[in-house]
Amino acid sequence: MKPAALRPIAVATFIAVLAGFFAPPVLGEEWRSSLYPEKWDPSVTDAEGRFLHDFSYAGYRNGAAIPQVKGRTFDVKRSGADAMGVKDSTAAFQSAVDEAAKSGGGVVLVPAGTYRIDGVLEVRGSKVVLRGEGAGKSKLRFTRAEGMDGKAHLTIAGEIRHGSQTPLAEDAKARSCSAVLESAGGLKAGDEVAVGMVNSEEFRTDHGMKDYWAFSSGKWRPLFRRTVTAVDARKKTVSFDVPLRYGLKTRWAAALCAETGQIRECGIEKIGVSNAAAYKAAWKTNQVAVIELSGCADCWVSEVESFASEAADAKGAHLLSCGIRVRDSKRITISRCSMSKPGHRGGGGNGYLFEIRTSNEVLTADCIGLNGRHNFIQNWDFGCSGCVWLRVRSSGSIAFLNVKIPIGLPAASEYHHALAMANLVDSCVIEDGWNAVNRGSESSGAGHTATQCVFWNSTGKGIIQSRQFGWGYVIGTGPDLKVFTGIEGNRAAGTEPEDFAEGLGKGADLTPKSLYEDQHSRRRK
């Protein structure tokens, strides 16, 4: 299998060149993607039907800066927390968090020190910010391993609730900011809604996945979490704050419903975290995150770093198995964080450092993932869309067969499960790999993992595999990065046409350097 840069130019691409749709970039000369001209707007589509989504909505409040929250302060030491780490500080921390929540919000201050947390911490009220004095100064050392499977040691969690469904009256198009319903009665501007479809036989067949995606067969899946901006009851049309990322067909039982229960305006800042246990004990756990945001909107994690555990026989591990996990959420920013060295890097959902599940418009910016199994990953079921990884670095990923035996080959950051839609890897350093492929029967029938996703201005010495359902895009790469887009082999089954690749090896001269930041600037004008 050859890198895309070495394969013969596809017939359609050759014709496009002759017709002048785009001129191949010349090394040393500034160039723009043919899909992103100077006068780009979200409607731009080329002759082959290819286009770039507007990714600028990702992040806290659709790309706003993380706020510098002030107000009432709740010092964990005043609640009895031990900064020397001798006694358990779980109750003291939880007391400060609960008091802040009951007061309508505030800053839970974590003074410098290393705090032993033998239990778990939960933030269940909006506007609560947990803030330390720096990741190297304010440290939380979580010790519990037993009974933690699928859970997290520090959780910000709402309780998502869905109302009754209103079917779409017409097929909705990708990039549209509206949908026509069978009835728009009862909806108003400001309502929080989810738009989705049923994982039906028709849906699976239309995607060549008749024998896969059985994990949620027959169930309605919320794909796009949105805020209603306008309602035209006469035309039965509802408008949204963020474009739909994929076409939705009425034959897939596409529908809209109210979505409530999100926790809002919460953050975790300037804190060090560790939850690693003895190495063999870590392998008896599964999918234990150190931080999880679940059912959140407009929340953030900033300047949080993992550190080496003090547990005996931890072998230098920072984490039990997983780092920061986001699920069932929207408009989240994860910035300037570093997660490293999970003890458990085997199968079953372990070794994931930055994980996104069933969430929309998540911005992961200026973060580092080191020595995980999958450092940056989208995972489990449908509903990951509009997410952006900006200037992240993925390095040293490796998979283990069991507690003693590494497989020996680099693993990769990747789209891991069930058709992640319209996401962006932007200006990232990939020293290991990043995959967007058909995983077939892996992970309970993950099948096609990505569609309409973009790799923009990628560098590093790793590998990109872009074999996406429908169109996928690799635009501008560094000279040492290998790119594979071929439609041969199991991991490319059903991914025709071959993904669009442009400017391979010439990313240094690509303009703009960041697609997300340029789109964000355009939208804010």
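One can find the structure itself at the top, above this paragraph.
Quick look at the structure, then. (Residues numbered from 1 in each chain as written. Predicted model: local features only at pLDDT ≥ 70, side-chain atom pairs only at ≥ 80, totals over all residues. Heavy atoms only, no water.)

It is worth spelling out the overall build of the chain at this point. A count of helical and extended segments in the chain gives six helices and 40 strands. For 525 residues, the compact-globule formula gives about 24 Å, and the C-alpha radius of gyration of the chain, at 23 Å, lands near that figure. For the C-alpha atoms alone, the extent of the chain along its principal axes is close to 70 × 60 × 45 Å. Within the chain, the proportion of its 525 residues that are buried is 59%. Long-range pairs, those at least 24 residues apart, make up 76% of the contacts in the chain with a sequence separation of at least 6. (Helix = DSSP H or I, 4+ residues; strand = E, 2+ residues; numbered from the N terminus. Rg over C-alpha atoms; globule rule 2.2 N^0.38 Å. Buried < 20%, exposed > 50% of the residue type's maximum accessible area, 1.4 Å probe, protein only. Contact = heavy atoms within 4.5 Å.)

Attention now moves to a nonpolar patch on the surface. Together, Leu401, Ile405 and Ile407 make up an exposed nonpolar region whose accessible area comes to about 300 Å². Position of Ile407 among the secondary structure elements: in strand β29 (residues 406-410). Overall, the relative accessible area of 48% leaves Ile407 in the partly exposed class. (Patch = residues over 30% accessible without salt bridge, like charges linked within 9 Å, V, L, I, M, F, W, Y side chains within 5 Å. Areas by Shrake-Rupley, 256 points an atom, 1.4 Å probe, with all protein chains shown as cover. Salt bridge = Lys/Arg side-chain N within 4 Å of Asp/Glu carboxyl O.)

In this section: helix α6 (residues 515-524). When we look at burial in α6, the residues that qualify are Leu515, Tyr516, Gln519 and His520. When α6 is viewed along its axis, its buried side chains cluster within an angular range of 125° and face the same direction. The inward-facing, buried residues of α6 contact β23 (360-365), β26 (388-390), β32 (424-426) and β36 (454-458). (Arc of directions from axis to C-beta.)

Looking now at unusual backbone geometry. Residue Glu496 is joined to Pro497 through a cis peptide bond whose omega torsion reads 0°. Looking at the element boundaries, Pro497 is found in the loop between β39 (482-484) and β40 (500-502). In this structure, Pro512 follows Thr511 across a cis peptide bond, with omega equal to -5°. Within the secondary structure, Pro512 is located in the loop between β40 and α6. Unusually for a residue other than glycine, Glu303 sits at a positive phi of about 55°. You can see Glu303 is positioned in strand β18 (residues 296-306). Judged by its relative accessible area of 27%, Glu303 is partly exposed. Positive phi outside glycine occurs at Ala422, with the angle close to 55°.

Scanning all chains against the criterion turns up 17 aromatic pairs. Both rings, one in Tyr36 and one in Trp456, keep their centres 6.0 Å apart while their planes meet at 75°; by these two values the pair is edge-to-face. In this pair, Tyr36 sits in the loop between α1 (11-19) and β1 (73-75) while Trp456 sits in strand β36, placing the two residues 420 residues apart along the sequence. Since its relative accessible area comes to 0%, Tyr36 is described here as buried. Exposure remark for Trp456: the relative accessible area of 0% places this residue in the buried category. Three or more aromatic residues joined by ring pairs form one cluster here, namely Phe203, Trp213, Phe215, Trp252, Trp380 and Phe382. Stacked on the ring of Trp471, the Lys or Arg Arg50 has its end atom at 5.0 Å from the ring centre. When the ring centre of Phe51 is taken as origin, the NZ or CZ atom of Arg175, which lies over that ring, is 3.6 Å away. (Phe/Tyr/Trp six-rings, centres within 6.5 Å; stacked < 30°, edge-to-face > 60°. Lys NZ or Arg CZ within 6 Å of the ring centre and 35° of its normal.)

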